[in-house]
Amino acid sequence: MSLLRVAADAGGVALGTGLSLADAKTHLDVYHTTDDTLITAYIAVARAHLEGHDGTGGRLGRAITQHVLDMKLPAFPAERWLDLPQPPVTAITSITYRDLDDVTQTFASSSYHLDPDDFAPRVVLAAKKVWPKTIERPDAVTVRFACGPAAVPVDILHAMKLHVGHLYLNRESISEKSMVVVPHGYEALISPHKTHGWI
């Protein structure tokens, strides 16, 4: 399986960072524009740390910003359902596949439905429907879906601010200062939002 973020205009879902530059600068107590590019990069790092760069591998195992993903598979599953990463999944845009003649076909939306479970979303076949046969190739099936909450939870936004603040104040990998983890800080804020199936 591979995941790829789709451009913002695909499916009409705008790609977001979750945390605005203005809010990050307020948290950092920065009121000039000199470091805007640097802070914007730190926001992207904080988001990717939680969400993953390609939809997998993040600390949360779920989407925190609205975006569209293409999930590519070598074949349809043996089961009557297809598990999806990055909950919450809000819509299936399309399911396309390469048939036995290696021609791209679209699987009719009437043949399946989305089970949007908040921890284990999946595509489920409709009654009396079967998955189509596909040619053997690593990208034989493409599921395009929209995911991410309507609004980023406030505790996730605050965790991102803490992460950006740490990166902004500590720009090297080592420090001469002795530091301690703040109780009820970053880990406490993100912990309630973790899903473990895709981490």
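Anything mentioned here points back to the structure above.
Keep in mind that what you see is a predicted model, and the values were worked out from it rather than measured.

Before going further, it helps to examine the pairing of strand E7 (residues 122-125). In this structure, strand E3 (residues 81-83) lies alongside E7, joined through 3 bridges in antiparallel fashion. Each residue of the ladder has a partner; that of Asp83, found in E7, is Arg122. Relative to E7, strand E6 (residues 112-115) runs antiparallel, the two sharing 4 bridges. Bridge assignment links Asp115 to a residue of E7, and that residue is Arg122.

In the structure shown here, the tally under the stated rule is 5 aromatic pairs. The interplanar angle of 20° and the centroid separation of 5.8 Å between the aromatic rings of Phe107 and Tyr112 together place this pair among those described as stacked. Here Phe107 and Tyr112 have matching classes, each one buried. According to the relative accessible area criterion, Phe107 is buried, its value standing at 8%. Sitting above the plane of the Phe119 ring, Arg62 keeps its charged end 5.3 Å from the centroid.

Right, let's get into helix H1 (residues 21-28). If you check which residues of H1 are buried, you get Ala24, Lys25 and Leu28. Taken around the axis of H1, the buried residues stretch over an arc of 100°, which confines them to a single face. Turned more than 90 degrees off the buried face of H1, the exposed positions are Ala22 and Thr26. Among the structural elements, helix H2 (36-51) and helix H3 (154-169) are those in contact with the buried residues of H1. With its phi angle positive at about 60°, Asp29 sits one or two positions after the end of H1.

Now for the side chain of Gln86. In this fold, Gln86 is placed in the loop between E3 and strand E4 (89-98). The buried category is assigned to Gln86, whose relative accessible area is 1%. Polar side-chain contacts of Gln86 include one of 3.4 Å to the backbone oxygen of Glu51.

Counted according to the given criterion, the structure contains 11 salt bridges. With a closest N to O distance of 2.7 Å, Glu51 and Arg47 form a salt bridge. Within this pair, Glu51 and its partner Arg47 are both found in helix H2, separated by 4 residues, close to a single helical turn. We note that Glu51, like Arg47, is buried. Arg98 is the salt-bridge partner of Asp102, the closest N and O atoms lying 3.1 Å from each other. Put simply, Arg98, Asp102, Arg137 and Asp139 are held in one network by salt bridges that share partners.

Turning our attention to the environment of Val103. With respect to the element layout, Val103 can be found in the loop between E4 and strand E5 (104-106). Classification of Val103 by relative accessible area gives partly exposed; the value is 41%. Each C-alpha atom, one on Val103 and one on Thr134, is 9.5 Å from the other, the two residues being 31 residues apart in sequence. Discounting chain neighbours no more than four positions away, the residues touching Val103 are Tyr97 and Arg98.

Calculation notes
- Residues numbered from 1 in each chain as written.
- Predicted model: local features only at pLDDT ≥ 70, side-chain atom pairs only at ≥ 80, totals over all residues.
- Heavy atoms only, no water.
- Pairing = 2+ DSSP bridges.
- Helix = DSSP H or I, 4+ residues; strand = E, 2+ residues; numbered from the N terminus.
- Phe/Tyr/Trp six-rings, centres within 6.5 Å; stacked < 30°, edge-to-face > 60°.
- Buried < 20%, exposed > 50% of the residue type's maximum accessible area, 1.4 Å probe, protein only.
- Lys NZ or Arg CZ within 6 Å of the ring centre and 35° of its normal.
- Arc of directions from axis to C-beta.
- Contact = heavy atoms within 4.5 Å.
- Polar contact = N/O pair within 3.5 Å; in protein donor to acceptor, adjacent residues only side chain to side chain.
- Salt bridge = Lys/Arg side-chain N within 4 Å of Asp/Glu carboxyl O.

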